[in-house]
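The residues making up each chain are set out below.
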Amino acid sequence: KAGVTQTPRYLIKTRGQQVTLSCSPISGHRSVSWYQQTPGQGLQFLFEYFSETQRNKGNFPGRFSGRQFSNSRSEMNVSTLELGDSALYLCASSGIRQGRFQFFGPGTRLTVL
Amino acid sequence: DQQVKQNSPSLSVQEGRISILNCDYTNSMFDYFLWYKKYPAEGPTFLISISSIKDKNEDGRFTVFLNKSAKHLSLHIVPSQPGDSAVYFCAASASGRNTPLVFGKGTRLSVIA
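Calculation criteria
Residues numbered from 1 in each chain as written. Chains lettered and ligands numbered in written order. Predicted model: local features only at pLDDT ≥ 70, side-chain atom pairs only at ≥ 80, totals over all residues. Heavy atoms only, no water. Contact = heavy atoms within 4.5 Å. Buried area = accessible area lost by both parts, 1.4 Å probe. Salt bridge = Lys/Arg side-chain N within 4 Å of Asp/Glu carboxyl O. Polar contact = N/O pair within 3.5 Å; in protein donor to acceptor, adjacent residues only side chain to side chain. Helix = DSSP H or I, 4+ residues; strand = E, 2+ residues; numbered from the N terminus. Pairing = 2+ DSSP bridges. Axes fitted to C-alpha atoms, helices over the stretch in contact; angles between N-to-C directions. Buried < 20%, exposed > 50% of the residue type's maximum accessible area, 1.4 Å probe, protein only.

Enquirer: Kindly report on the interface of chain A and chain B, identifying the contributing residues and their values.
Expert: Facing 23 residues of chain A, the contacting portion of chain B comprises 23 residues. For the pair chain A and chain B, the two sides together bury roughly 1800 Å², of which 57% comes from carbon and sulfur. Between chain A and chain B we count 0 salt bridges in total. There are 2 residue pairs in polar contact (both at pLDDT 80 or more) connecting chain A and chain B. Elements with a minimum of two residues in the side of chain A that touches chain B: β4 (31-38), β5 (42-50), β6 (53-57) and β9 (87-94) of chain A. If one sorts the elements of the side of chain A that touches chain B by residue count, β5 of chain A sits on top with 4 residues.

Here it is in structure tokens:
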């Protein structure tokens, strides 16, 4: 099976712009979670989608949003970008058989100038 | 409030010796713990996990120990190899399959040849 894929891998934006990141989970996985990784902060949970519904949400401002499509692919959007949004954004998927175990994609490196 | 803490940002170990990475948690509802390894420019990959009904789980060179009373777990790598050099993240999950993973900030392990 192909792994979790994320596009684009690298992105440079300027303050005030918005950005959309995409994630394709492993085939058959219906849960997709998004994380933000910044230096020294570990992986901070953004949100999780399951069957097109947001199931969990982390402690991030409303500028961060996401959605999931019927094929389980997911997108996250960040509006009105700030310098502090520069980070590695990771997507992870899991299936029923995996339980709480998640497979991660390679991430999208977002740089905000 | 950080629920999962990895208090050592970095660790250096000689090749062939034991590496011990530590993780503490505060939420007594956590009952499933995972370790992920992350190389630069890649997403985290699953290493080993342990359920709270056990106090030890072993997989080849990797062993995870769980001390529930102390809310502490540790990952032992024996013998350490240069290819083990990476950032290691501890993660925890509370009861119920729909709760998100909570990650620590990671420990960078350097195995010196």
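Enquirer: Got a sec to walk through the sheet that holds strand β3 (residues 19-24) of chain A? Specific residues and values, please.
Expert: Residues and elements named next belong to chain A. Here 4 strands make up an open sheet; going across it, the order is β1-β3-β8-β7 and the pairing antiparallel. Pairing within the sheet leaves two strands with one partner each, and these edge strands are β1 (5-7) and β7 (64-68). Along the sheet, successive strands turn relative to each other by an average axial angle of 20 degrees, direction set aside. Across 5 bridges, the pairing between β3 and strand β8 (residues 74-78) is antiparallel. Across the sheet, the residue bridging to Cys 23 is Ser 74, located in β8.

Enquirer: Describe the sheet that holds strand β1 (residues 4-5) of chain B, with residues and values.
Expert: All names here are of chain B. Judged by pairing direction, the sheet is antiparallel, and its 5 strands sit side by side in the order β1-β3-β8-β7-β6 without closing on themselves. Each having just a single partner strand, β1 and β6 (56-59) make up the two edges of the open sheet. With 2 bridges connecting them, β1 and strand β3 (residues 19-25) associate as antiparallel partners. Note on β3: the bridge partner recorded for Val 4 is Tyr 25.

Enquirer: Lay out the pairing of strand β11 (residues 108-112) of chain A in plain terms, naming residues and giving numbers.
Expert: Residues and elements named next belong to chain A. Alternating residues of β11 divide into Thr 108, Leu 110 and Val 112, all buried, and Arg 109 and Thr 111, none buried. Across 4 bridges, the pairing between strand β2 (residues 10-13) and β11 is parallel. Counterpart to Ile 12 in the pairing with β11 is Thr 111. As paired strands, β9 and β11 are joined by 3 bridges and run antiparallel to one another. Residue pairing for β11: Ala 87 is matched across the bridge by Leu 110.

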